[in-house]
Amino acid sequence: MSESPPGEQTASHDQQDDGGRVKPYPGPAGGWGSLKAGIGHILNQGGTLAAASALLRVNQPNGFDCPGCAWPEPTTPGMLEFCENGIKAVTWETTPKRVGRDFFAQHTVSSLQQQSDRWLEGHGRLTEPMRYHRDTDHYEPIPWEAAFNLLADRFNALSNPNRAVFYTSGRTSNEAAFLYQLFVRKLGTNNLPDCSNMCHESSGVAMTESIGTGKGTVTIQDFELADCILVIGQNPGTNHPRMLTELQKAAKRGAKIITLNPLKERGLERFKHPQHPAEMLSPTGGTAISSTYLQPVVGGDLAAIKGICKRVIEMNDDTGTILDRDFIEEHTTGFDAFLEDLRATDWQQIEQQSGLSQQQLSEVAEIYTHSKRVIACWAMGLTQHKHAVPTIQMIVNLLLMCGHIGKNGAGICPVRGHSNVQGDRTMGITEKPSTAFLDSLGKAFNFKPPREPGYNTVETIQAMSQGKVDVFFAMGGNFAAASPDTVHTYQALQRCGLTVHVSTKLNRSHTIVGQDALILPCLGRTESDISSTGPQSVTVEDSMSQVHASSGSRKPASPLLLSEPVIVARLARATFPSDTADWDNLEKNYNLIRDKIAEVLPEQFHDFNDRIKLPGGFYLGNPARDRQWETATGKALFTIAPIPDLTLPAGQLRLMTLRSHDQYNTTVYSNNDRYRGVSGTRKVIFMNQDDIAELKLHDGQSVSIESHFADGVQRCVAGFRVVTYDIPRGCAAGYFPELNPLVSVNSTAVGSHTPTSKFIPVTLSPSS
Ligand code: SF4
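About the thresholds
Residues numbered from 1 in each chain as written. Predicted model: local features only at pLDDT ≥ 70, side-chain atom pairs only at ≥ 80, totals over all residues. Heavy atoms only, no water. Helix = DSSP H or I, 4+ residues; strand = E, 2+ residues; numbered from the N terminus. Rg over C-alpha atoms; globule rule 2.2 N^0.38 Å. Buried < 20%, exposed > 50% of the residue type's maximum accessible area, 1.4 Å probe, protein only. Contact = heavy atoms within 4.5 Å. Lys, Arg positive; Asp, Glu negative; His and termini not counted. Charge placed at Lys NZ, Arg CZ, Asp CG, Glu CD. Phe/Tyr/Trp six-rings, centres within 6.5 Å; stacked < 30°, edge-to-face > 60°. Lys NZ or Arg CZ within 6 Å of the ring centre and 35° of its normal. Domains from an automatic or database assignment. Buried area = accessible area lost by both parts, 1.4 Å probe. Salt bridge = Lys/Arg side-chain N within 4 Å of Asp/Glu carboxyl O. Polar contact = N/O pair within 3.5 Å; in protein donor to acceptor, adjacent residues only side chain to side chain. Nonpolar A, V, L, I, M, F, W, Y, C, P; charged D, E, K, R; others polar. 1 Å grid on protein atoms, 1.4 Å probe; cavity = no way out; pocket = protein on both sides within 12 Å on 5 of 7 lines; lining within 4 Å. Points joined across faces, edges and corners; volume = space filled by probe spheres on them. Near = heavy atom within 4 Å. Sits in = over half its atoms within 2 Å of the grid points.

## Structural notes on the overall build of the protein
Along the backbone of the protein there are 30 helices and 33 strands. Scaling as 2.2 N^0.38, a compact globule of 768 residues should have a C-alpha radius of gyration of about 27 Å, and the protein matches this with 25 Å. Judged by the C-alpha coordinates and their principal axes, the protein covers about 75 × 60 × 55 Å. Out of the 768 residues belonging to the protein, those deemed buried represent 66%. Sequence-distant contacts, at least 24 apart, represent 79% of the contacts inside the protein between residues at least 6 apart. One finds the centroid of the 70 positive side-chain charges in the protein at a distance of 3 Å from the centroid of its 80 negative side-chain charges.

See the structure below:
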C-alpha cells in the first residue's frame, strides 16, 4: 500500500489549499479574464518593469523564444506576441525572488519535501551551485570548478557508462542539447531519456511507421487555408493558447472546427482575443470556436476515428467520389486490408467503445468529406493511452483516405508541449538514435559512438529502482514530479549514488536526493549570455519544424549562473581533459556549435549560421509534406487496428490526468483553474453527476482514490474533492502531478512506452 507522497500535506507560505471553491466560469477563453490574470501574475511576481520589458521581447525577431509551449510564431509577429500563459512563463523566470545559500541554510531537504510544488518554485531563481550534505540534511554552496571535478570523478569511476543516465527537458536549446548528447555519447552511453518519452513519443512512433516522419507536416500558414480542423484530445486554451488565434480566424472565415474531447474545454467553445480592443469592448461572449464538439469516453478516440473512417467508406460506396483514389494508388499501401477491416468492424462496437453515436460520427464524416483541406491536431489526450500508437495511426488513415497529407492547408499536427522538445530530438536527444546520425556524429568528432539503445524514461525509473544507476543527471525539467508512480519514482531516485539537476528554479526533484546531490543553476531564456567572444544566441525548433534564434537580454538573476552549453562544455573538459573535441571554443562561440550541427545534419542544417539570421529563422522541411514517404515501402501506410475493449469492472472509473489553467507541465502558478471554475485548490476530481449519485457520493465530498493496475501494487491518494463536471459517464479527471502517484510505471503505451496517465482505472471511497 503506497501512502500519499511527501509534500502533499502542507501548503504553507503560499496560496493555501483551503479545500477551494467551485463556481462555473461564465466567460469566454481569453477576454477580460486573461487580461486580469496576466496583469495579476506580473504584479504577483514583482519586478514589474523587468517583466514588462521582457514581454516586449518575447517571440520577437532578435528577442527570445517563450519558455512556454512550442506553438510557432506567425509570419509577422504582433507587437505583443504572447498569451496569458506566456506571461506566466516569462514572469516566473523574471521574478526578483531568489533562492541562495541563506534559503538552503534555513530549510533542511526533509522540510522542503513537505512543501507544495507551488511553494518550492514560488521562492524564485536559484543563484549558485549547491551540494547536498547528508549529515546536515542541507544543501550547501559548492564552487563550479569543484562541482565539475566531483562529476568528472564520478563519471570516470563508473564501472560501466550505462550506470549513468542523462535526462532532458524540452526547454533545453538546440546548442545545449547537441553538446549534451555529444558529451553523453563520448562517455559511452545512449541513456538519454527525455520528457518526450512521457508525452509525444506515441506520435513519433505512430507517424514514423505510417508516413516515415515523426514530425507534423503542417506549417502555421496552413491554418489560414484549411476549411476543416480536427482538434482531438487537446486543450489549446490552456496548453497552446495562441493556437486559439488561428482557430478564431478559421472559425470567422467559415472553416469547420471539430473537437473530440471528453471534457468541455472553454478554449474550444468560445474565445475573445484579449489583444483585439473592439472584440474586448463588444458585449458578445466571444467567437464560437468548435462547430462540432463531441465528448467520447476517455480512451474512446480509436473507436471514434475508426467510426468516421467507416462512414467515409460507406459514403464512398454510395457515390464513388469521396476517396482520393489517385492519391491512394500512387502514394499509399495497405488500403485494401484497411478497407476490409473497416467493413468487418460493426457500428455497435464503435458506439460502445467510443461513447458516441453512429449519427454523431456520421455528421463528422459528412463535414470531413465536404472539406477540401483538413488539418488534424492532437496532444496528450491521445498519446498517454495503451493504444495511443494505433489511435494516432487511425487519424493518419483518415487523412490519407482523401489525400489530406502533402498539400497546402492540410496535414497532421501533433502540438508539442515544450518549447524545444522537437528540437532536442532533432539534435540527437533520444535513447534510440538512428545509425545515420551516429555515423555522422562519429565522423564529425572522430570517435565511435555507442550503438546499444539506452533507457527511456520508464526504463530509467525501473533501472534506478533496481540499483542499476549510479548517476542521474537532469538537464532542466522536474523529473520526480513529471514521472508516473510518484512514491516508486522517489524511492528509485533516492537509490542513486548521485542526482544532479541543471535548473533555473527550485522544484520537487531537488528535494528527492540520491546519496549525494547537486543543483547547478543556469541562465534562463530571458537572460543575456555573454562569453569572451560576445553575446551568444541559441536556437529552438517549434512544433512545425521552424528553427529560429532566441537571444536573452536581461541581466542574469545571479553572476554565478552559467548557460546550459557552458555547463556541458566545462563538464566535458573536466571529464575528458585530453579529448579532441574543442570544448573550449564551442563554449565561447555558439556559431561553432551550429557549424558542427550543420556538419552532422547537413541536409537540414546546412548554412545554419546564415539561415538563422533570416527573419523568423528557417523551415526544416518535412519529406511527407512533399509526399516523399521515408517508410519501409517508400509509400504511406494504411494501418489496421482492432478496437480495444476498455470496459472496466463495475464501480471503476477511467481517470485521466490533466493540467489546470494555472499550470505549465509540473510548474504550478496558483491553485486556480479559471475556465473549469475551480479556485483555491488542486485536490479535485471532476466527475459525471450520475456517477456521483450512483457511487453514493456528493458534490464537494472528500474522497480517497485508489488505482487498479495488473501489477497488483496498491496506489492511493486521499482528500480529493468531488466536483460535478460535464464529462461522460464512467470517466473522471484531475490534475498531475497530484494524481501521478496513481499511475503505474508498468502501464505504458504499446510501441512507445509512454505512461498511460490518461487512462487510470480507479475506485473512490469517502475519505476518513
Ligand atoms: S502560446 Fe505557448 S509559446 Fe506562445 S506565448 Fe503562449 S505559452 Fe508561450
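## Points about the packing of aromatic side chains
In total, this model carries 28 aromatic pairs according to the counting rule given. Aromatic side chains phenylalanine 103 and tryptophan 119 sit 6.1 Å apart centroid to centroid with 40° between the ring planes, which places their arrangement in the tilted category. Separated by 16 residues along the polypeptide, phenylalanine 103 in helix 4 (residues 101-106) and tryptophan 119 in helix 6 (residues 117-122) bring together distant segments of the chain. Per residue, the accessibility class of phenylalanine 103 equals that of tryptophan 119, and both read buried. With a centroid separation of 6.0 Å and 80° between ring planes, the pair formed by phenylalanine 166 and tyrosine 180 is classed as edge-to-face. Linking phenylalanine 166 in strand 7 (residues 164-168) with tyrosine 180 in helix 8 (residues 174-187), this pair joins segments that are 14 residues apart in sequence. In this structure an aromatic cluster arises from ring pairing among Phe155, Phe166, Tyr180, Phe183, Phe473 and Phe576. Positioned above the aromatic ring of phenylalanine 447 is the side chain of lysine 186, whose terminal nitrogen or guanidinium carbon lies 4.7 Å from the ring centre. Over the ring of phenylalanine 445 we find lysine 596; its NZ or CZ atom is 4.8 Å from the centre of that ring.

## A closer look at the domain arrangement of the protein
With domains assigned, the protein is organised as domain 1 (13-28 + 648-766), domain 2 (46-198 + 420-606) and domain 3 (201-414). Computed over C-alpha atoms, the centres of domain 1 and domain 2 are 30 Å apart. Of the roughly 2300 Å² buried between domain 1 and domain 2, counting both surfaces, carbon and sulfur atoms make up 53%. Ranking the residues of domain 1 by area buried against domain 2 places Thr666, Tyr669 and Val745 at the top, with a combined share of 28%. Counting across the domain 1 and domain 2 interface gives three salt bridges. Across the pair arginine 674 and glutamate 84 runs a salt bridge whose closest N-O atoms are separated by 2.7 Å. Inspection of the domain 1/domain 2 interface yields 16 residue pairs in polar contact (both at pLDDT 80 or more). Across the side of domain 1 that touches domain 2, the residue classes tally to nine nonpolar, twelve polar and four charged.

## Comments concerning empty space enclosed by the protein
All told, the structure shown has three cavities of 30 Å³ or more when counted by the stated rule. Reported here for the second largest cavity is a volume of approximately 150 Å³. Within the residue set of the lining of the second largest cavity, elements represented by two or more residues are helix 3 (84-94), helix 10 (236-239) and strand 26 (663-664). If you tally residues by element for the lining of the second largest cavity, the top one is helix 3, at three residues.

## Description of the layout of surface pockets
Taken as a whole, the largest pocket encloses approximately 1200 Å³ of empty space. Lining the largest pocket are 36 residues, and of these Gly214, Lys215, Thr426, Ser434 and Gln604 sit closest to its centre. Of the residues belonging to the lining of the largest pocket, the class tally is ten nonpolar, 18 polar and eight charged. There are two domains that each give the lining of the largest pocket at least three residues, and those are domain 2 (46-198 + 420-606) and domain 3 (201-414). Of all the secondary-structure elements, those providing two or more residues to the lining of the second largest pocket are strand 22 (546-550) and helix 27 (590-600). Looking at the lining of the second largest pocket, the element that brings in the most residues is strand 22, giving four residues. Among the residues forming the lining of the second largest pocket, the class breakdown is 13 nonpolar, 18 polar and five charged. Taken domain by domain, the lining of the second largest pocket gets at least three of its residues from each of domain 2 (46-198 + 420-606) and domain 3 (201-414).

## Digging into the site of the ligand
Around the ligand lies a shell formed by Asn59, Cys66, Cys69, Phe82, Cys83, Gly86, Pro241 and Arg242. Of the pockets mapped on this structure, the ligand occupies the second largest cavity. Taken together, the residues of the shell around the ligand break down into five nonpolar, two polar and one charged.

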